[in-house]
Structure formats: C-alpha cells, structure tokens
Amino acid sequence: MTRYFMRDTPLCQMEQQMMTPPYFKPRGHGRYSPGFQYSRDDMECPYCMNFRRNHPCPLEQCVCLDERIVAGAIDLNEFVRDCFFPEAGVQLQARLERSFNGCSIGFFLSDSHRERWQHWRARCYRMSGRNLAALFLLTAYEDIWRRMICKFDARGFDFQSVQLSGIQPELYSVYQAAKAISTGSHNITLADLASPELVTDEAFHLIVCALLLAKYGDVILNFEGK
C-alpha cells in the first residue's frame, strides 16, 4: 500500500498538503517564511469575517485584537476610553491622559513583579480573568505578596484572613483594588482613582493596567514597551 491514497490523481497535491506537519520547513527547494506580518491596512474591520456594518463588535469581543495591536492598527488609548469613558469624571479623564499619553507603556512595576506574576499565573492557569488581574496587583509589591502567598489558589483569594497591620499606606489602595476586582466589591471607586491623595501615581498606573487586564485579558500586554 502506498503512503498517499490519492497518488496519480488530481487530488494528490491536496492530500500532500493535508499530511504536511504544521510549521514544516521545506528542504531543497521553495521559500520558507516563519510567519506572516499583518499591516495596518490588513486590519481594517470591513475585512473581518465577523464584520456587520450596522452592528460593529465591541472591543473586548474582537477576535483579532492580538493581530491589530501587533500591526499598530489600534492603540492603548482606545482601550482606556472603552473601559473608563464616559463614566469617568473630568478629573479622572485628565489623570488617565497624563498617565497613558505620549510615553512607552510598562505594565509591570519591576522585573520581580513580572517574574512573580508569570510564575503564579502559570501555576494557577485555571484562574478567572478577574482573579488573574487581581494577582497582577498582589504580586507587584513584596510586602503585599508576602501576606497573600498562602492565602489563594486557582479558585481565588481568601481576603478575610489577610493581616494588613503594618502595611505601607500607599500600598493599601493597591490591595483594596485587587480585592474589588476579584470579588466585584466597591472597595475602591472611580472617584478614589481620580484623587492623587488617595491613590499615588504609581498605584494608579498599576490599578488601571489591572482593570484593562481584567476586561480584555492578556492581549493587553502586547502594548508593553509601545
């Protein structure tokens, strides 16, 4: 019995393509391309198979977010506006513009923050998107994480048993924001975020990034460094 059932038939080449392993690199002839890079023009919404002229899909439901971000067809400001406006008041809008306009975006506070989040995200891969965003905040500071490391699993966090005595005041808003994102409570509000006296600039940046992460998922991290 030959390897190809369709040998010497018009369907022979199609069968060979179907039996070729994914990412197979041809040997001896032909050109190998490791990947296709989309351009901004390729990412226009009317080209999407899900496009409906009178019913555009919401940003968080777009199936091509990864490709659109990599191609530069969409910027972080669109996600910020979609997530916060028009509910955000004038003061919060101004603070968002100062924090996210005209600068390279860094989601993680430090390399240690990135390593902690990636490590525990991989271990707790069944976590919900909201809990992964809370994990992003809780791993930002060593002081908070030391109190939380034994208080969670893939199902969520045991905030009730966490001891906060002695915590630095500027870290309290980060902890409360993580609790609000995870449980859906109102421990911190948009009015709180607008106040520099209640939420420092560093904490504000982390909390906004966590809220974007909770709504749009890991795709938002593609803006890192852009």
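Residues numbered from 1 in each chain as written. Predicted model: local features only at pLDDT ≥ 70, side-chain atom pairs only at ≥ 80, totals over all residues. Heavy atoms only, no water.

Novice: With reference to specific residues and values, describe the overall build of the protein.
Specialist: Each helix and strand in the protein was counted, giving ten helices and two strands. Its helices and strands taken in sequence order, the protein reads α-α-α-α-α-α-α-β-β-α-α-α from the N to the C terminus. Buried positions account for 36% of the 226 residues belonging to the protein. Sequence separation of 24 or more characterises 63% of the internal contacts of the protein that already satisfy a separation of 6 or more. (Helix = DSSP H or I, 4+ residues; strand = E, 2+ residues; numbered from the N terminus. Buried < 20%, exposed > 50% of the residue type's maximum accessible area, 1.4 Å probe, protein only. Contact = heavy atoms within 4.5 Å.)

Novice: Quick one: what's the story with the packing of aromatic side chains, residue by residue and with numbers?
Specialist: In this structure the tally under the stated criterion is eleven aromatic pairs. Centre to centre, the rings of Phe157 and Phe159 are 5.5 Å apart; their planes meet at 45°, and the pair counts as tilted. Summarising the burial analysis for this pair, Phe157 and Phe159 share the class buried. Each residue in the set Trp120, Trp145, Phe152, Phe157, Phe159 and Tyr175 is aromatic and connected to the rest through ring pairs, giving one cluster. Taking the ring centre of Phe204 as reference, the NZ or CZ of Arg95 above it sits at 4.3 Å. (Phe/Tyr/Trp six-rings, centres within 6.5 Å; stacked < 30°, edge-to-face > 60°. Lys NZ or Arg CZ within 6 Å of the ring centre and 35° of its normal.)

Novice: How would you sum up the pattern of salt bridges? Please name residues and give values.
Specialist: The final tally for this structure, using the stated rule, is eight salt bridges. Arg116 is the partner of Glu142 in a salt bridge, and the nearest nitrogen-oxygen pair spans 3.1 Å. Remark: Arg116 occurs in helix H5 (residues 111-123) and Glu142 occurs in helix H7 (residues 142-148); sequence separation between them is 26 residues. On the basis of relative accessible area, Glu142 is assigned to the partly exposed category, the value being 46%. Taken together, the salt bridges that share partners define one network made up of Asp143, Arg146 and Arg147. (Salt bridge = Lys/Arg side-chain N within 4 Å of Asp/Glu carboxyl O.)

Novice: I'd love a proper account of the nonpolar core, names of residues and values included.
Specialist: By size, the foremost hydrophobic cluster in this structure holds 62 residues, and its most contacted members are Leu76, Phe79, Phe107, Phe136, Leu137 and Ile220. Among the elements that line this core, the one with the most residues is helix H10 (residues 201-216), at ten residues. The residues contacting Ile220, other than those within four sequence positions of it, are Leu76, Phe79, Phe107, Leu212 and Leu213. (Core = buried A, V, L, I, M, F, W, Y, C linked by side-chain atoms within 4.5 Å.)

Novice: A description of the packing of helix H6 (residues 129-138) against helix H8 (residues 169-183) should follow, citing residues and the corresponding values.
Specialist: Close contact between H6 and H8 brings their axes to 8 Å; oriented N to C, the two are set at 170°. The orientation of H6 relative to H8 falls into the category roughly antiparallel. Only Val174, Tyr175, Ala177, Ala178, Ala180, Ile181 and Ser182 of H8 make contact with H6, whose side of the interface consists of Arg130, Asn131, Ala133, Ala134, Leu137 and Leu138. Considered class by class, the residues forming the contact of H6 with H8 number ten nonpolar, two polar and one charged. (Axes fitted to C-alpha atoms, helices over the stretch in contact; angles between N-to-C directions. Parallel < 35°, antiparallel > 145°, perpendicular 65-115°, else oblique. Nonpolar A, V, L, I, M, F, W, Y, C, P; charged D, E, K, R; others polar.)

Novice: Tell me what's going on with the side chain of Arg116, and back it up with residues and numbers.
Specialist: Here Arg116 falls in the buried class, since its relative accessible area comes to 16%. In contact with Arg116, not counting residues within four places along its chain, are Thr139, Ala140, Tyr141, Glu142 and Trp145.

Novice: Run through unusual backbone geometry, naming residues and quoting values.
Specialist: In this structure, Pro86 follows Phe85 across a cis peptide bond, with omega equal to 0°. Looking at the element boundaries, Pro86 is found in the loop between helix H3 (76-84) and helix H4 (90-100).

Novice: Outline H10, supporting the account with residue identities and numerical values.
Specialist: Taking 1.5 Å per residue as the helical rise, H10 with its 16 residues ought to reach 22 Å, and the 23 Å between its terminal C-alpha atoms agrees with that figure. Of all the residues in H10, the buried ones are Ala203, Phe204, His205, Leu206, Ile207, Val208, Cys209, Ala210, Leu212, Leu213 and Tyr216. Looking at the buried positions of H10, the neighbouring elements they touch are H3, H4, H5, H6, H8 and helix H9 (190-194). Taken from the residues just after H10, Gly217 is the one with a positive phi, measuring 85°. (Expected span 1.5 Å × (residues − 1).)

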